[in-house]
Amino acid sequence: MGVKVGVKGQQSHRMVILVAAFILMTLLIFCGSNNVIEEVYSNFHVAVNNAAGATNLKKWPWKGGYVPVHGNKNMSLRCHHCALVTSSSHVLGTGAGAEIDRTECVIRMNDAPTLGFEADVGNHTSLRVIAHSSVFRVARKMPEFLHRAVGNPVIIFWGPPNKIGKEANGSLYRLIQRVMAYSKLSCFTITATKMRRFDNLFHTETGRDRQKSHSWLSTGWFTMVIAIEICDNIKVYGMVPPSHCGKQTGAKKVPYHYYKPRGPDECVTYTQHESSRRGNHHRFITEKQVFARWAKHYNITFVHPTW
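Along each chain, numbering runs from 1 in the same order as the chain's sequence is written. Local features in this predicted model are restricted to residues of pLDDT 70 or higher, and side-chain atom pairs are both shown and tallied only at a pLDDT of 80 or more, whereas totals for entire chains, interfaces and linings draw on every residue. Each side-chain value is derived from all of the structure's non-hydrogen atoms; neither hydrogens nor water enter the calculation.

An unreviewed UniProt entry lists the protein chain under the name Alpha-N-acetylgalactosaminide alpha-2,6-sialyltransferase 6, with Takifugu bimaculatus given as the organism. UniProt positions are given in the numbering used here, feature names are shortened, and annotations may be inferred rather than shown by experiment. Recorded under Subcellular location (unreviewed entry), the UniProt text for the protein chain is reproduced unchanged: "Golgi apparatus membrane". Quoted straight from UniProt, the Sequence similarities (unreviewed entry) entry for the protein chain says "Belongs to the glycosyltransferase 29 family."

And the structure:
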(Lines give C-alpha, C1' and ligand atoms only; values in the text may rest on other atoms or scores of the structure.)
Protein backbone atom coordinates (compact mmCIF):
# COMPACT_ATOMS: atom_id res chain seq x y z
CA MET A 1 0.00 0.00 0.00
CA GLY A 2 2.85 2.40 0.90
CA VAL A 3 4.56 1.64 -2.44
CA LYS A 4 1.42 2.55 -4.40
CA VAL A 5 1.07 5.84 -2.53
CA GLY A 6 4.75 6.61 -3.23
CA VAL A 7 4.31 5.93 -6.97
CA LYS A 8 1.21 8.12 -7.11
CA GLY A 9 3.10 10.85 -5.27
CA GLN A 10 5.94 10.74 -7.80
CA GLN A 11 3.48 10.88 -10.71
CA SER A 12 1.70 13.86 -9.15
CA HIS A 13 5.05 15.59 -8.65
CA ARG A 14 5.99 15.06 -12.29
CA MET A 15 2.61 16.37 -13.41
CA VAL A 16 3.05 19.52 -11.34
CA ILE A 17 6.49 20.11 -12.88
CA LEU A 18 5.17 19.63 -16.43
CA VAL A 19 2.22 21.95 -15.86
CA ALA A 20 4.51 24.58 -14.32
CA ALA A 21 6.93 24.34 -17.27
CA PHE A 22 4.05 24.66 -19.74
CA ILE A 23 2.68 27.73 -17.97
CA LEU A 24 6.15 29.31 -17.83
CA MET A 25 6.74 28.78 -21.57
CA THR A 26 3.29 30.15 -22.39
CA LEU A 27 3.88 33.27 -20.30
CA LEU A 28 7.28 33.87 -21.86
CA ILE A 29 5.91 33.55 -25.39
CA PHE A 30 2.89 35.73 -24.76
CA CYS A 31 5.08 38.32 -23.06
CA GLY A 32 6.92 38.68 -26.36
CA SER A 33 10.25 37.15 -25.47
CA ASN A 34 12.04 37.10 -28.81
CA ASN A 35 14.92 35.13 -27.32
CA VAL A 36 12.64 32.25 -26.39
CA ILE A 37 10.98 32.24 -29.79
CA GLU A 38 14.36 32.20 -31.53
CA GLU A 39 15.53 29.26 -29.41
CA VAL A 40 12.36 27.31 -30.17
CA TYR A 41 12.53 27.86 -33.92
CA SER A 42 16.29 28.03 -34.55
CA ASN A 43 16.46 24.41 -35.66
CA PHE A 44 13.46 24.61 -37.94
CA HIS A 45 13.25 25.57 -41.58
CA VAL A 46 14.33 29.04 -42.58
CA ALA A 47 10.71 30.07 -43.18
CA VAL A 48 10.03 29.97 -39.44
CA ASN A 49 13.48 31.01 -38.24
CA ASN A 50 12.75 34.02 -36.05
CA ALA A 51 16.38 35.14 -36.17
CA ALA A 52 16.05 35.83 -39.90
CA GLY A 53 16.03 39.31 -41.32
CA ALA A 54 18.29 40.71 -38.59
CA THR A 55 20.67 42.40 -41.04
CA ASN A 56 19.81 45.74 -42.63
CA LEU A 57 21.49 45.41 -46.02
CA LYS A 58 21.12 49.11 -46.70
CA LYS A 59 23.30 49.83 -43.69
CA TRP A 60 25.53 46.79 -43.44
CA PRO A 61 29.07 47.98 -42.64
CA TRP A 62 30.87 46.07 -45.38
CA LYS A 63 29.64 47.92 -48.42
CA GLY A 64 32.44 48.17 -50.91
CA GLY A 65 34.87 45.28 -50.93
CA TYR A 66 35.37 45.33 -54.70
CA VAL A 67 38.89 45.30 -56.14
CA PRO A 68 39.45 46.59 -59.70
CA VAL A 69 41.16 44.15 -62.03
CA HIS A 70 42.90 47.02 -63.79
CA GLY A 71 43.67 50.52 -62.56
CA ASN A 72 42.24 52.05 -59.42
CA LYS A 73 38.57 52.45 -60.24
CA ASN A 74 35.87 52.32 -57.60
CA MET A 75 32.71 50.26 -57.98
CA SER A 76 30.46 53.32 -57.96
CA LEU A 77 27.38 52.01 -59.80
CA ARG A 78 24.19 53.32 -58.16
CA CYS A 79 20.69 53.10 -59.62
CA HIS A 80 17.17 54.13 -58.67
CA HIS A 81 15.43 51.41 -60.73
CA CYS A 82 16.98 48.03 -61.59
CA ALA A 83 15.86 45.04 -63.64
CA LEU A 84 17.42 41.82 -62.38
CA VAL A 85 17.09 39.31 -65.22
CA THR A 86 17.48 35.71 -64.12
CA SER A 87 18.68 32.87 -66.33
CA SER A 88 15.48 30.86 -65.81
CA SER A 89 13.44 29.58 -68.74
CA HIS A 90 10.45 31.35 -67.22
CA VAL A 91 11.59 34.51 -68.99
CA LEU A 92 10.88 32.91 -72.38
CA GLY A 93 7.69 34.04 -74.08
CA THR A 94 7.23 37.00 -71.73
CA GLY A 95 7.96 39.68 -74.30
CA ALA A 96 9.56 41.68 -71.48
CA GLY A 97 12.65 42.71 -73.43
CA ALA A 98 11.55 46.27 -74.26
CA GLU A 99 10.46 46.90 -70.67
CA ILE A 100 13.78 45.60 -69.37
CA ASP A 101 15.77 47.83 -71.73
CA ARG A 102 13.81 50.88 -70.57
CA THR A 103 14.98 50.29 -66.99
CA GLU A 104 17.74 52.52 -65.70
CA CYS A 105 20.06 49.61 -64.81
CA VAL A 106 19.89 46.00 -66.01
CA ILE A 107 21.59 43.22 -64.05
CA ARG A 108 22.43 39.79 -65.49
CA MET A 109 24.26 36.70 -64.28
CA ASN A 110 27.14 34.55 -65.53
CA ASP A 111 27.20 33.94 -69.28
CA ALA A 112 23.46 34.40 -69.93
CA PRO A 113 23.24 35.77 -73.49
CA THR A 114 20.97 38.41 -74.93
CA LEU A 115 21.70 37.70 -78.61
CA GLY A 116 18.71 35.86 -80.04
CA PHE A 117 16.62 36.40 -76.91
CA GLU A 118 16.15 40.18 -77.06
CA ALA A 119 12.35 40.03 -77.20
CA ASP A 120 12.19 38.35 -73.80
CA VAL A 121 15.33 39.45 -71.93
CA GLY A 122 16.29 42.71 -73.61
CA ASN A 123 19.71 43.75 -74.79
CA HIS A 124 21.13 46.31 -72.35
CA THR A 125 23.42 45.30 -69.49
CA SER A 126 24.63 47.57 -66.70
CA LEU A 127 26.03 44.91 -64.38
CA ARG A 128 26.90 41.26 -64.82
CA VAL A 129 27.71 39.12 -61.75
CA ILE A 130 29.85 36.12 -62.64
CA ALA A 131 30.84 33.05 -60.65
CA HIS A 132 34.37 31.69 -60.72
CA SER A 133 32.96 28.53 -62.33
CA SER A 134 31.67 30.57 -65.28
CA VAL A 135 34.87 32.48 -66.08
CA PHE A 136 35.88 30.25 -69.01
CA ARG A 137 32.41 30.38 -70.57
CA VAL A 138 32.31 34.15 -70.20
CA ALA A 139 35.78 34.46 -71.73
CA ARG A 140 34.56 32.62 -74.84
CA LYS A 141 31.53 34.94 -75.13
CA MET A 142 33.40 38.15 -74.39
CA PRO A 143 33.38 39.40 -78.01
CA GLU A 144 29.56 39.25 -77.92
CA PHE A 145 29.38 41.04 -74.58
CA LEU A 146 31.78 43.76 -75.76
CA HIS A 147 29.98 44.27 -79.07
CA ARG A 148 26.61 44.65 -77.38
CA ALA A 149 27.80 46.68 -74.39
CA VAL A 150 25.92 49.94 -73.81
CA GLY A 151 27.59 52.72 -71.84
CA ASN A 152 30.18 51.50 -69.36
CA PRO A 153 28.96 48.15 -67.99
CA VAL A 154 30.34 46.68 -64.79
CA ILE A 155 31.39 43.07 -64.25
CA ILE A 156 31.82 41.61 -60.76
CA PHE A 157 33.49 38.22 -60.34
CA TRP A 158 32.93 36.22 -57.17
CA GLY A 159 34.63 33.06 -55.97
CA PRO A 160 37.22 31.59 -53.60
CA PRO A 161 39.97 34.15 -52.98
CA ASN A 162 42.65 31.59 -53.84
CA LYS A 163 41.20 31.40 -57.35
CA ILE A 164 40.13 34.91 -58.23
CA GLY A 165 41.82 36.96 -55.50
CA LYS A 166 44.19 39.65 -56.69
CA GLU A 167 46.58 38.94 -53.83
CA ALA A 168 46.68 35.20 -54.57
CA ASN A 169 47.20 35.87 -58.29
CA GLY A 170 45.41 32.60 -59.05
CA SER A 171 45.01 31.14 -62.53
CA LEU A 172 41.44 32.40 -62.92
CA TYR A 173 42.48 35.88 -61.87
CA ARG A 174 45.21 35.92 -64.51
CA LEU A 175 42.67 34.81 -67.12
CA ILE A 176 40.31 37.60 -66.05
CA GLN A 177 43.18 40.08 -66.36
CA ARG A 178 43.99 38.96 -69.91
CA VAL A 179 40.37 38.94 -71.08
CA MET A 180 39.60 42.35 -69.59
CA ALA A 181 42.89 44.03 -70.53
CA TYR A 182 41.55 45.85 -73.59
CA SER A 183 37.86 46.01 -72.84
CA LYS A 184 35.80 49.07 -71.90
CA LEU A 185 34.12 47.10 -69.13
CA SER A 186 34.77 48.03 -65.51
CA CYS A 187 35.79 44.74 -63.94
CA PHE A 188 36.05 43.92 -60.23
CA THR A 189 36.60 40.93 -57.97
CA ILE A 190 35.19 40.54 -54.45
CA THR A 191 37.66 40.72 -51.58
CA ALA A 192 38.22 37.78 -49.22
CA THR A 193 36.75 39.79 -46.35
CA LYS A 194 33.55 40.52 -48.24
CA MET A 195 33.28 36.87 -49.31
CA ARG A 196 33.26 35.92 -45.61
CA ARG A 197 30.58 38.55 -45.04
CA PHE A 198 28.37 36.85 -47.62
CA ASP A 199 28.81 33.59 -45.70
CA ASN A 200 27.98 35.29 -42.41
CA LEU A 201 24.90 36.86 -43.96
CA PHE A 202 23.66 33.42 -45.05
CA HIS A 203 24.18 32.15 -41.50
CA THR A 204 22.35 35.12 -40.00
CA GLU A 205 19.41 34.87 -42.39
CA THR A 206 18.96 31.11 -42.31
CA GLY A 207 20.42 29.92 -39.02
CA ARG A 208 22.67 27.59 -41.01
CA ASP A 209 26.43 27.65 -41.27
CA ARG A 210 27.18 27.45 -44.98
CA GLN A 211 30.20 25.16 -44.64
CA LYS A 212 28.77 22.88 -41.95
CA SER A 213 25.55 22.47 -43.94
CA HIS A 214 27.57 21.67 -47.10
CA SER A 215 26.11 24.61 -48.99
CA TRP A 216 27.47 26.68 -51.85
CA LEU A 217 26.03 30.16 -52.20
CA SER A 218 24.54 30.64 -55.66
CA THR A 219 25.28 33.45 -58.10
CA GLY A 220 21.67 34.49 -57.46
CA TRP A 221 22.53 35.06 -53.78
CA PHE A 222 25.49 37.30 -54.60
CA THR A 223 23.55 39.12 -57.30
CA MET A 224 20.54 39.84 -55.09
CA VAL A 225 22.67 41.21 -52.26
CA ILE A 226 24.70 43.39 -54.65
CA ALA A 227 21.48 44.61 -56.28
CA ILE A 228 20.11 45.62 -52.87
CA GLU A 229 23.35 47.51 -52.24
CA ILE A 230 23.19 49.56 -55.43
CA CYS A 231 19.46 49.78 -56.30
CA ASP A 232 16.57 51.64 -54.68
CA ASN A 233 13.96 49.50 -56.47
CA ILE A 234 14.46 46.04 -57.98
CA LYS A 235 12.23 44.18 -60.42
CA VAL A 236 13.20 40.52 -60.76
CA TYR A 237 12.34 38.71 -63.99
CA GLY A 238 11.86 34.93 -64.14
CA MET A 239 12.54 33.89 -60.54
CA VAL A 240 10.02 31.41 -59.13
CA PRO A 241 8.75 31.63 -55.53
CA PRO A 242 10.15 29.18 -52.93
CA SER A 243 6.99 27.04 -53.01
CA HIS A 244 6.97 26.68 -56.80
CA CYS A 245 8.55 23.23 -56.91
CA GLY A 246 6.42 21.71 -54.14
CA LYS A 247 4.53 18.49 -54.77
CA GLN A 248 1.15 20.23 -54.62
CA THR A 249 1.94 22.97 -57.15
CA GLY A 250 2.09 20.80 -60.26
CA ALA A 251 4.87 22.96 -61.71
CA LYS A 252 5.48 22.37 -65.40
CA LYS A 253 8.89 21.21 -66.53
CA VAL A 254 11.17 23.93 -67.88
CA PRO A 255 14.93 23.96 -68.50
CA TYR A 256 17.07 25.43 -65.74
CA HIS A 257 18.60 27.97 -68.17
CA TYR A 258 16.62 29.75 -70.90
CA TYR A 259 19.55 29.44 -73.30
CA LYS A 260 20.02 25.69 -72.77
CA PRO A 261 16.78 24.04 -73.95
CA ARG A 262 18.22 20.55 -73.46
CA GLY A 263 19.57 21.31 -70.01
CA PRO A 264 18.31 19.86 -66.72
CA ASP A 265 14.81 20.58 -65.45
CA GLU A 266 14.61 23.58 -63.13
CA CYS A 267 12.55 22.00 -60.33
CA VAL A 268 14.54 18.78 -60.41
CA THR A 269 17.72 20.85 -60.02
CA TYR A 270 16.24 22.87 -57.16
CA THR A 271 14.93 19.93 -55.17
CA GLN A 272 18.05 17.80 -55.67
CA HIS A 273 20.30 20.59 -54.46
CA GLU A 274 18.03 21.49 -51.54
CA SER A 275 17.70 17.97 -50.21
CA SER A 276 21.25 16.71 -50.79
CA ARG A 277 23.46 16.29 -47.74
CA ARG A 278 26.51 14.82 -49.46
CA GLY A 279 28.99 17.11 -51.08
CA ASN A 280 28.37 20.83 -51.51
CA HIS A 281 25.18 22.07 -53.13
CA HIS A 282 23.27 25.27 -53.67
CA ARG A 283 20.23 25.81 -51.44
CA PHE A 284 18.11 27.49 -54.09
CA ILE A 285 14.79 27.14 -52.28
CA THR A 286 16.21 28.32 -48.96
CA GLU A 287 17.71 31.36 -50.69
CA LYS A 288 14.37 32.22 -52.29
CA GLN A 289 12.66 32.11 -48.92
CA VAL A 290 15.16 34.71 -47.75
CA PHE A 291 14.50 36.78 -50.89
CA ALA A 292 10.78 36.68 -50.15
CA ARG A 293 11.44 38.25 -46.76
CA TRP A 294 13.84 40.80 -48.19
CA ALA A 295 11.23 41.85 -50.75
CA LYS A 296 9.17 43.39 -47.97
CA HIS A 297 12.04 45.62 -46.86
CA TYR A 298 13.99 46.51 -50.01
CA ASN A 299 11.39 47.37 -52.66
CA ILE A 300 11.78 44.09 -54.57
CA THR A 301 9.04 42.83 -56.89
CA PHE A 302 8.93 39.57 -58.85
CA VAL A 303 7.39 39.10 -62.28
CA HIS A 304 7.11 36.17 -64.73
CA PRO A 305 5.98 34.67 -62.40
CA THR A 306 4.51 37.23 -60.02
CA TRP A 307 4.88 36.43 -56.32
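Brief notes about the sheet that holds strand S2 (residues 79-85)
Strand order in this open sheet of eight strands is S1-S6-S5-S4-S3-S2-S8-S10, and the pairing throughout is mixed. Sheet topology places strand S1 (66-68) and strand S10 (300-303) at the edges, where each strand pairs with a single neighbour. Between one strand and the next, the sheet's axes are offset by a mean angle of 25 degrees, whatever the strand orientation. Two strands pair when backbone bridges link them, and strand S3 (residues 105-109) and strand S4 (residues 127-131) are joined in this way by three bridges, in the parallel orientation. Bridge pairing links Met 109 to Val 129 in S4. In this description, contact between two residues means that some pair of their heavy atoms is separated by no more than 4.5 Å. Every axis corresponds to a line fitted to the C-alpha atoms, with the helix fit spanning only the stretch in contact, and the corresponding angles, defined between N-to-C directions, vary from 0 to 180 degrees. Helix and strand labels come from DSSP, where a helix needs a run of H or I of at least four residues and a strand needs a run of E of at least two; each type is numbered from the N terminus. Seen against the sheet, helix H8 (residues 192-206) touches S1, strand S5 (154-158) and strand S6 (186-190) and runs at an angle of roughly 65 degrees to S6. Against the sheet, helix H9 (residues 219-230) engages S1, S2, S3, S4, S5, S6, strand S8 (231-237) and S10, with an angle of about 145 degrees to S8. A pair of strands is considered paired only if DSSP assigns at least 2 bridges between the two.

Section: the pattern of salt bridges
Basic side-chain nitrogens of Lys or Arg form a salt bridge, by our definition, when they fall within 4 Å of a carboxyl oxygen of Asp or Glu. Applying the stated criterion across every chain yields a total of seven salt bridges. As a salt-bridge pair, Glu 99 and Lys 235 come within 3.0 Å of each other at their nearest N and O atoms. Separated by 136 residues along the polypeptide, Glu 99 in helix H3 (residues 97-101) and Lys 235 in strand S8 bring together distant segments of the chain. Glu 99 sits in the partly exposed class, given a relative accessible area of 30%. Of the charged contacts, one joins Glu 229 and Lys 194 as a salt bridge, the two residues approaching to 2.8 Å between their closest N and O atoms. One end of the pair, Glu 229, is in helix H9; the other, Lys 194, is in helix H8, and 35 residues separate them in sequence. Each member of the pair, Glu 229 together with Lys 194, is buried. Relative accessibility thresholds used throughout: buried, under 20% of the residue-type maximum; exposed, over 50%; partly exposed, between the two (1.4 Å probe, protein chains only).

Concerning the state of the cysteines
When two cysteine sulfur atoms lie within 2.5 Å, the pair is treated as a disulfide. According to the stated counting rule, one finds three disulfides in the structure shown. Between the sulfur atoms of Cys 79 and its disulfide mate Cys 105 the distance is 2.0 Å. Across the S-S bond of Cys 79 and Cys 105 the torsion is about -80 degrees, and the bridge reads as left-handed. Within this pair, whereas Cys 79 is found in strand S2, its partner Cys 105 is found in strand S3, the two being separated by 26 residues in sequence. Assessed through its relative accessible area of 6%, Cys 105 is described here as buried. Each disulfide pairs two cysteine sulfurs, and for Cys 245 the partner residue is Cys 267, the sulfurs being separated by 2.1 Å. Taking the torsion about the sulfur-sulfur bond, which here is approximately -80 degrees, the covalent link between Cys 245 and Cys 267 counts as left-handed. With Cys 245 in the loop between S8 and helix H10 (266-275) and Cys 267 in helix H10, this pair connects stretches of sequence that are 22 residues apart. Each member of the pair, Cys 245 as well as Cys 267, carries the same accessibility label: buried.

Some points on the nonpolar core
Counting 42 residues, the largest nonpolar core has Leu 127, Ile 156, Ile 190, Trp 221, Met 224, Trp 294 and Ile 300 as the members making the most contacts within it. Residue contributions to this core peak at eight residues, all from H9. With near-sequence residues (within four places) excluded, Met 224 lies in contact with Leu 84, Val 236, Met 239, Phe 291, Trp 294, Ile 300 and Phe 302. Formed by 16 residues, the second largest nonpolar core is a distinct cluster that contains Val 69, Val 138, Ile 155 and Leu 185. We define the nonpolar core as a collection of buried residues of types Ala, Val, Leu, Ile, Met, Phe, Trp, Tyr and Cys that are connected through side-chain atoms lying within 4.5 Å of one another.

Quick notes on the packing of aromatic side chains
Only rings of Phe, Tyr and Trp enter the pairing, Trp through its six-membered ring, and a pair is recorded when the two centres are within 6.5 Å. The plane angle decides the type: under 30 degrees is stacked, over 60 is edge-to-face, the rest tilted. Scanning all chains against the criterion turns up twelve aromatic pairs. Ring-pair connections join several aromatic residues into one group, and the members of that group are Phe 202, Trp 221, Phe 291 and Trp 294.

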